[in-house]
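This is what each chain is made of:
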Amino acid sequence: MNESETPWRDESLLYELYWEEELSTNEIADELNCDQSTVWEWMNRYEISRRSSYESATNRRLHPAVFIDRGYVVCASNYRGTTESVGIHRLVMIAKHGFDAVAGKHVHHRNGVRWDNRPTNLELLGQSEHAQRHGFGIKIRPPSRDWDESKRERDKRGRFK
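Residues numbered from 1 in each chain as written. Predicted model: local features only at pLDDT ≥ 70, side-chain atom pairs only at ≥ 80, totals over all residues. Heavy atoms only, no water.

**Q** Just to check I follow, could you spell out the packing of helix H2 (residues 25–32) against helix H3 (residues 36–45) for this structure?
**A** Packed helices, taken two at a time, are described by their axes: the angle between them and the distance between them. The contact between H2 and H3 brings their axes to 8 Å, and the two run at 105 degrees. By the angle between their axes, H2 is roughly perpendicular relative to H3. Together, Thr25, Asn26, Ile28 and Ala29 of H2 and Gln36, Val39, Trp40 and Met43 of H3 make up the contact between the two elements. Looking at side-chain class alone, the contact of H2 with H3 contains five nonpolar, three polar and no charged residues. (Axes fitted to C-alpha atoms, helices over the stretch in contact; angles between N-to-C directions. Helix = DSSP H or I, 4+ residues; strand = E, 2+ residues; numbered from the N terminus. Parallel < 35°, antiparallel > 145°, perpendicular 65-115°, else oblique. Contact = heavy atoms within 4.5 Å. Nonpolar A, V, L, I, M, F, W, Y, C, P; charged D, E, K, R; others polar.)

And the structure:
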């Protein structure tokens, strides 16, 4: 095997990716098409020191992640090794109504589209009302005036995609 087939064996490349580009060992493994354990093994062989948990957390805290989780747009941050996340739809409602009004309430998407976070599409509901609206997890039941169900695809559990 030559070095182009095993890039994780290149000490200068590992050092550059980890310390200069500040990639995590998971990100390095993805880039080099290998397992994280392989990256750790070769970093240990070359005695490439690791960032402290503080340095790692500080680096990640500067770059909060926004991603899709089960159709919801979610924002997450990592502060000193602890990850916290919140749905953007909840943040929109907090901005509109204040934290106390949203605490303990469910935020419902009127049209059933989880990534549609326009304030006009969101409403605050109690737990039981929200469960009724969703048919207890079987299917979403927005008011008929808000959505035409006939043109929407459903997943295996009957929920709208």
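Text resumes after the structure shown.
**Q** Looking at this structure, I do not really get the pattern of salt bridges. What am I missing?
**A** Close approach of charged atoms allows side chains of opposite charge to pair. Scanning the model with the defined rule gives five salt bridges in all. A salt bridge links Arg133 to Glu123; its shortest N-O distance comes to 2.7 Å. A residue pair is termed long-range when its members are at least 10 positions apart, and Arg133 in helix H7 (residues 127–133) and Glu123 in strand E5 (residues 122–125) qualify at 10 residues. Classification of Arg133 by relative accessible area gives buried; the value is 16%. The partner of Arg133 in a salt bridge is Glu129, and the shortest N-O contact between them spans 3.5 Å. Of this pair, Arg133 and Glu129 both sit in helix H7, four residues apart, which is roughly one turn of the helix. (Salt bridge = Lys/Arg side-chain N within 4 Å of Asp/Glu carboxyl O. Buried < 20%, exposed > 50% of the residue type's maximum accessible area, 1.4 Å probe, protein only.)

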